[in-house]
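# Coordinate analysis (summary)
The primary structure of each chain is shown beneath.
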Amino acid sequence: RGMITVEIPNGVWTSATPILTGPNVQGLRISGTGAQINAKQLSGAVLIAGDSNPSNATQRVLIDGLEIAGSGATDATHTEQDGIWIYEGTKTNLRDVTVLNMPGAGIVGEKGGAPGAGGFWKQAHWNGVEVRNAGRECVRIGQGHKVDDLLIDGSSLFNNCGQQLADAVSDISGFSDGGVL
């Protein structure tokens with residue numbers, strides 16, 4: 001049960017389309033120590049881990065050492081641009097990841113399919129994650145779906161985002177019914 005590593009070389013890179021891990025991925029590390037990805041796409045996420053179809057869940061995806069920069073928190077033209085979408089999976093982990101200047105949300109975590117339709121989003125571990133200057137939420141998790149087991153530790157920071165620092169649909173305890181940071 002090893003991992004395949006995709007290394008993004010040190011430097012500044014421009015992305016006009018999302019970077020996708022694809023469906024049913026198991027054991028993938030996206031590493032970019034020193035790499036910055038500048039987003040230019042009109043809408044959607046810069047990096048998408050997983051797939052919105054509940055039968056296409058990912059397992060053991062690590063995103064490590066990346067900086068993702070958007071077009072600006074106040075960019076009125078690209079309001080749907082988000083940093084990272086994490087769909088459907090077990091152990092989709094972020095380590096030393098920075099998301100800056102997104103007009104939309106910094107990080108979105110969601111299960112696929114209609115609410116109650118199955119699928120899972122669990123055992124995520126974020127360490128050293130920074131989201132700064134987002135036009136909407138720094139982090140939005142489980143809007144309309146229950147998600148489980150998000151651990152945020154280390155020197156993580158969520159700063160200067162357009163929405164409340166913490167808000168939940170109904171139960172703030174563990175964000176079991178959805179919430180935003």
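What this report covers is the structure whose coordinates are included nearby. Just so you know, these numbers come straight off a predicted model, no measurement behind them.

## Points about the side chain of His 78
Relative to the helices and strands, His 78 resides in the loop between β6 (58–69) and β7 (81–87). A relative accessible area of 16% places His 78 in the buried class. For His 78, the side chain forms a polar contact with the side chain of Asp 75, separated by 2.6 Å.

## So, unusual backbone geometry
A positive phi angle is found at Gln 123, which is not glycine, with a value near 55°. Relative to the helices and strands, Gln 123 is located in the loop between β11 (121–122) and β12 (124–127). The exposure class assigned to Gln 123 is partly exposed, which follows from its relative accessible area of 37%. The phi dihedral of Asn 160 is positive, around 60°, even though this residue is not glycine.

## Thoughts on the nonpolar core
The biggest cluster of nonpolar side chains holds 33 residues, and the ones touching the most others in it are Ile 63, Leu 66, Ile 84, Leu 94, Ile 107, Trp 126 and Val 131. Considering each element in turn, this core owes the most residues, five residues, to strand β4 (residues 26–39). Those residues in contact with Val 131 that lie beyond four places of it in its chain are Val 99, Gly 106, Ile 107, Cys 138, Leu 157, Phe 158, Asn 159 and Cys 161.

Conventions adopted
Residues numbered from 1 in each chain as written. Predicted model: local features only at pLDDT ≥ 70, side-chain atom pairs only at ≥ 80, totals over all residues. Heavy atoms only, no water. Helix = DSSP H or I, 4+ residues; strand = E, 2+ residues; numbered from the N terminus. Buried < 20%, exposed > 50% of the residue type's maximum accessible area, 1.4 Å probe, protein only. Polar contact = N/O pair within 3.5 Å; in protein donor to acceptor, adjacent residues only side chain to side chain. Core = buried A, V, L, I, M, F, W, Y, C linked by side-chain atoms within 4.5 Å. Contact = heavy atoms within 4.5 Å.

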